[in-house]
Amino acid sequence: MTAAELGTLPPLQALRHSASLPLSDFRLAMRRLTGAVTLVATHDGQTLAGLTATAVTSFSAEPARLLACVNLKGSTFRAIAESRRMSVNLLAYRHLDLAQQFGGAPTTQSQRFEPGRWGTLATGAPVLLDALAVFDCVVDEMMVAHSHAAMIGEIKAVLLSPRNEAPLLYSDGQYTTLADLGETA
């Protein structure tokens, strides 16, 4: 396809002022985006806080940084904003119950941390010691837009599992994992 076949672009101002995409369409389309499941955790000096997140990705290799999106309404955002440190813990499929607990099960923040083996690395943020990988970060920047903040974490330490395990994934509204052809997860 050529640029001529695409035609002219609509004016940017008109696009900015046009109606937003309906929330239901956005949610249906985003359900198709499979993501790795992580726990984002922090400690603000008094309170442990954490949440289940799939909106996490690498940001840069030099310096080593990642990006995690966090809802502004939650206590985890407030604790990260206060402490400026967080861990991102990449979960294995066997961590399904933990992901559900951090993902909104009716528990207090401190109860979320009761299961699992937790410790700390360089920043003092809580890390899940048996995660597939742990990224221990100092929050370098926070960009707030609408309902969420994009947290750019400068990675100060990593912890890698010696085990080769299937990752926990989230796709089409449910938890899943990878499977060899012919196998089901």
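Residues numbered from 1 in each chain as written. Predicted model: local features only at pLDDT ≥ 70, side-chain atom pairs only at ≥ 80, totals over all residues. Heavy atoms only, no water.

### Some thoughts on the overall build of the chain
Right, so step 1: Along the chain, the regular secondary structure elements total 6 helices and 12 strands.
Right, so step 2: The dimensions of the chain, computed from C-alpha atoms along their principal axes, are 60 × 45 × 40 Å.
Right, so step 3: Within the chain, buried positions represent 34% of all 185 residues.
Right, so step 4: Once local pairs closer than 6 in sequence are excluded, the contacts in the chain between residues at least 24 apart make up 63%.
Right, so step 5: Looking at charge distribution, the chain has the averaged site of its 14 positive side-chain charges lying 6 Å from that of its 16 negative ones. (Helix = DSSP H or I, 4+ residues; strand = E, 2+ residues; numbered from the N terminus. Buried < 20%, exposed > 50% of the residue type's maximum accessible area, 1.4 Å probe, protein only. Contact = heavy atoms within 4.5 Å. Lys, Arg positive; Asp, Glu negative; His and termini not counted. Charge placed at Lys NZ, Arg CZ, Asp CG, Glu CD.)

### So, the layout of surface pockets
Right, so step 1: Of the voids in this model, the largest pocket is the one considered here, and its volume is about 1200 Å³.
Right, so step 2: If you trace the largest pocket, you find 26 residues lining it, with Phe26, Met30, Thr54, Ala55 and His148 closest to the centre.
Right, so step 3: The leading source of residues in the lining of the largest pocket is helix H3 (residues 23-30), at 4 residues.
Right, so step 4: Of the residues belonging to the lining of the largest pocket, the class tally is 13 nonpolar, 10 polar and 3 charged. (1 Å grid on protein atoms, 1.4 Å probe; cavity = no way out; pocket = protein on both sides within 12 Å on 5 of 7 lines; lining within 4 Å. Points joined across faces, edges and corners; volume = space filled by probe spheres on them. Nonpolar A, V, L, I, M, F, W, Y, C, P; charged D, E, K, R; others polar.)

### Regarding the sheet that holds strand E11 (residues 169-171)
Right, so step 1: Here 3 strands make up an open sheet; going across it, the order is E1-E11-E12 and the pairing antiparallel. Strands with a single pairing partner mark the edges of an open sheet, and in this sheet they are strand E1 (35-36) and strand E12 (174-176).
Right, so step 2: When E11 meets E12, the two strands line up antiparallel, connected through 3 bridges. In the strand pairing of E12, Tyr170 is matched with Tyr175. (Pairing = 2+ DSSP bridges.)

### Brief notes about the packing of aromatic side chains
Right, so step 1: Counted by the stated rule, this structure contains 4 aromatic pairs.
Right, so step 2: Ring centres 5.0 Å apart and planes at 80 degrees place the aromatic pair Phe102 and Phe113 in the edge-to-face group. Placement of the pair is Phe102 in helix H5 (residues 96-102) and Phe113 in the loop between helix H6 (109-112) and strand E7 (118-120), with a sequence separation of 11 residues.
Right, so step 3: Ring geometry for Tyr170 and Tyr175: centres 5.1 Å apart, planes at 70 degrees, overall edge-to-face.
Right, so step 4: Ring pairs connect the aromatic residues Phe102, Phe113 and Trp118, which therefore count as one cluster. (Phe/Tyr/Trp six-rings, centres within 6.5 Å; stacked < 30°, edge-to-face > 60°.)

### Some words on unusual backbone geometry
Right, so step 1: Pro63 follows Glu62 through a cis peptide bond whose omega is 0 degrees.
Right, so step 2: Inspection of the secondary structure assignment puts Pro63 in the loop between strand E4 (56-60) and strand E5 (65-71).
Right, so step 3: Notably, Asp172 is not glycine yet its phi reads approximately 55 degrees, a positive angle.
Right, so step 4: Mapped onto the secondary structure, Asp172 falls in the loop between E11 and E12.
Right, so step 5: Taking the relative accessible area as the measure of exposure, Asp172 reaches 44% and is therefore partly exposed.

### Examining helix H4 (residues 75-83)
Right, so step 1: Looking only at H4, the buried set comprises Thr76, Phe77, Ala79, Ile80 and Ser83. Projected down its long axis, H4 shows its buried positions confined to an angular sector of 165 degrees, all on one face.
Right, so step 2: At the exit of H4 stands Arg84, carrying a positive phi of roughly 60 degrees. (Arc of directions from axis to C-beta.)

### Some details on the side chain of Gln109
Right, so step 1: Relative to the helices and strands, Gln109 resides in helix H6.
Right, so step 2: Taking relative accessible area as the criterion, Gln109 reaches 15% and is therefore assigned buried.
Right, so step 3: There is a polar contact of 2.9 Å between the side chain of Gln109 and the side chain of Ser75.
Right, so step 4: A distance of 3.4 Å separates the side chain of Gln109 from the side chain of Thr76, its partner in a polar contact.
Right, so step 5: Sequence-distant contacts of Gln109, defined by excluding residues within four places in its chain, comprise Leu48, Ala49, Gly50, Ser75 and Thr76. (Polar contact = N/O pair within 3.5 Å; in protein donor to acceptor, adjacent residues only side chain to side chain.)

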